[in-house]
Amino acid sequence: MSFDLLELLPDAWRERVEPLLDPDATRRLSDFVAAEYAAGTVYPPQSDLFSAFRLCAPDDARVLILGQDPYHGAGQAHGLSFSVRPGVRIPPSLRNVFKELHDDLGVPVPKTGDLTPWAERGVLLLNSVLTVRAGKAGSHAGKGWEEFTDAVIRALDAKSDRVVFVLWGAYARKKRDLVTGARHVVFEAGHPSPMNPRGFLGSRPFSAVNKALADAGEPEIDWTLDRPE
């Protein structure tokens, strides 16, 4: 099994990201990812690897929410940071995100952990590392994904209109220096994990994002998830 990761990336993203990547490093990453999918169970499924990019084109991306690596349990990861498919139990970190969403904006706590509607409204739900071995958190860290997703952040930073970068947790906050454009806004907070509730709860990120967008004359994000019955 072999493939070129850039061939799987939607064309609009490939045009923005490829010039920022080292071809040899990208080739090594492609070979590593292909070998991992061939050797055993890797999440997300290959068909969902670039879901975040398919759902949110670069011209539409107004917000970036950065995670670390995908969920490593069966049926959870589907290519969007913090998100799980409908019907999958909502993970503890995402429960805290939803609690903060309710406390911040009064949005009802969603019944599903599927964040696809956010992606469709201009929120790029990106992990720093885009794959993981089943049951082994962090197993694909340091294999080249970080350079790939750094290039994605740089591509967003190059946009002429405002992008709001949301960095939760120490891992995501390391990317702060990649955002150099004065027109952009960065919000940092602790990770929403229950292991670190004081660093996240009360940070009011959703209203802050919408204010930053409104200040730049951009439409606010509709953060609601449950559709009316």
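Numbers given for residues are sequential positions, taken from 1 along each chain in its written order. The model is predicted, so local features are restricted to residues of pLDDT at least 70 and side-chain atom pairs to those at 80 or more, both for listing and for counting; the totals for chains, interfaces and linings are taken over all residues. Excluding hydrogens and water, the side-chain figures rest on all heavy atoms present in the structure.

## Comments concerning the UniProt feature "active site" (unreviewed entry) in the protein chain
The condition is simple: UniProt positions are given in the numbering used here, feature names are shortened, and annotations may be inferred rather than shown by experiment. Numbering goes from the N terminus for both helices and strands, where a helix is a DSSP run of H or I of at least four residues and a strand is a run of E of at least two. Any two residues whose heavy atoms approach within 4.5 Å at even a single point are treated as in contact. Here a polar contact is recorded for every N or O atom pair within 3.5 Å, except that within protein the pair must consist of a potential hydrogen donor and a potential acceptor, and residues adjacent in sequence are included only if both atoms are side-chain atoms.
The feature "active site" (unreviewed entry), as given by UniProt, occupies Asp69 in the numbering adopted here. Relative to the assigned elements, Asp69 resides in the loop between strand 2 (63-67) and helix 5 (92-105). Among all residues touching Asp69, those that are not within four sequence positions of it are Asn127, Val129, Val132, Ala137, Gly138 and Ser139. At 2.7 Å, the side chain of Asp69 and the backbone nitrogen of Gly138 are in polar contact.

## Concerning the sheet that holds strand 5 (residues 164-168)
This is how the line gets drawn: Here the rule is simple: two strands pair whenever DSSP picks up at least two bridges between them. Fitted lines through C-alpha atoms give the axes, limited to the stretch in contact for helices. The angle between two N-to-C directions lies from 0 to 180 degrees.
Strands sit in the order 3-2-5-6 across an open sheet of four strands; the sheet is parallel. Because the sheet does not close on itself, it has two edges, and the strands there are strand 3 (123-127) and strand 6 (185-189). Across the sheet, the mean angle from the axis of one strand to that of its neighbour is 20°, orientation sign disregarded. When strand 5 meets strand 6, the two strands line up parallel, connected through five bridges. Bridge pairing in strand 6 places Leu167 opposite Glu188. Against the sheet, helix 9 (residues 205-215) makes contact with strand 2, strand 5 and strand 6, and its axis sits at roughly 160° relative to strand 5, the strand it touches most.

## Topic: the packing of helix 5 against helix 9
To keep it simple, the criterion reads: Angular relationships are summarised with four words: roughly parallel below 35 degrees, roughly antiparallel beyond 145, roughly perpendicular across 65 to 115, and oblique for the angles in between.
At their nearest, the axes of helix 5 and helix 9 sit 7 Å apart, and the two run at 60° to each other. When the axes of helix 5 and helix 9 are compared, the pair comes out oblique. Here Val97, Glu100, Leu101, Asp104 and Leu105 of helix 5 come into contact with helix 9, specifically with Pro205, Phe206, Ser207 and Asn210.

## Brief notes about helix 3 (residues 23-39)
Stated precisely, the cut-off is as follows: To estimate how far a helix should extend, the number of its residues minus one is multiplied by 1.5 Å. Buried residues are those whose accessible area, probed at 1.4 Å on protein chains only, stays under 20% of the maximum for their type, while exposed residues exceed 50% and partly exposed ones sit between those limits.
With 17 residues, helix 3 should reach 24 Å at 1.5 Å per residue; the first-to-last C-alpha distance of 24 Å fits that figure. Taken together, the buried positions of helix 3 are Thr26, Leu29, Ser30, Phe32, Val33, Ala34, Glu36 and Tyr37. Structurally, helix 3 contributes buried residues whose contacts are with helix 1 (5-8), strand 1 (42-43), strand 4 (132-133) and helix 7 (145-157). Sitting at the head of helix 3, Asp22 places a side-chain oxygen 3.2 Å from the backbone nitrogen of Asp24.

## Some points on the packing of aromatic side chains
Rules: Pairing of aromatic side chains requires ring centres within 6.5 Å, counting the rings of Phe and Tyr and the six-membered ring of Trp. Pairs whose planes differ by under 30 degrees are stacked, by over 60 edge-to-face, and all others tilted.
Under the defined criterion, the tally for this structure stands at 11 aromatic pairs. Consider the rings of Trp145 and Phe148, whose centres lie 5.4 Å apart with planes at 90°: the pair is edge-to-face. On the criterion of helical spacing, the pair formed by Trp145 and Phe148 is a turn pair, its members being three residues apart in helix 7. Both residues of the pair, Trp145 and Phe148, belong to the buried class. Arranged with centres 6.4 Å apart and planes meeting at 70°, the rings of Trp168 and Phe206 form a pair that is edge-to-face. On the criterion of sequence distance, the pair formed by Trp168 in strand 5 and Phe206 in helix 9 is long-range, its members being 38 residues apart. Among the aromatic residues, ring-to-ring pairing joins Phe82, Trp118, Trp168, Phe200, Phe206 and Trp223 into one connected group.

## Re the pattern of salt bridges
Definition in use: We define a salt bridge as a contact between a side-chain nitrogen of Lys or Arg and a carboxyl oxygen of Asp or Glu at a distance within 4 Å.
Counted according to the given criterion, the structure contains 13 salt bridges. The salt bridge partner of Lys175 is Asp150, with a shortest N-O separation of 2.7 Å. Pair noted here: Lys175 is in the loop between helix 8 (170-173) and strand 6 and Asp150 is in helix 7, with a separation of 25 residues, a long-range link. By the burial criterion, Lys175 is buried, and Asp150 matches it. Between Lys159 and Asp161 there is a salt bridge, with its nearest N and O atoms 3.9 Å apart. Given a relative accessible area of 6%, Lys159 falls into the buried group. The network of salt bridges with shared partners includes Arg173, Arg176 and Glu188.

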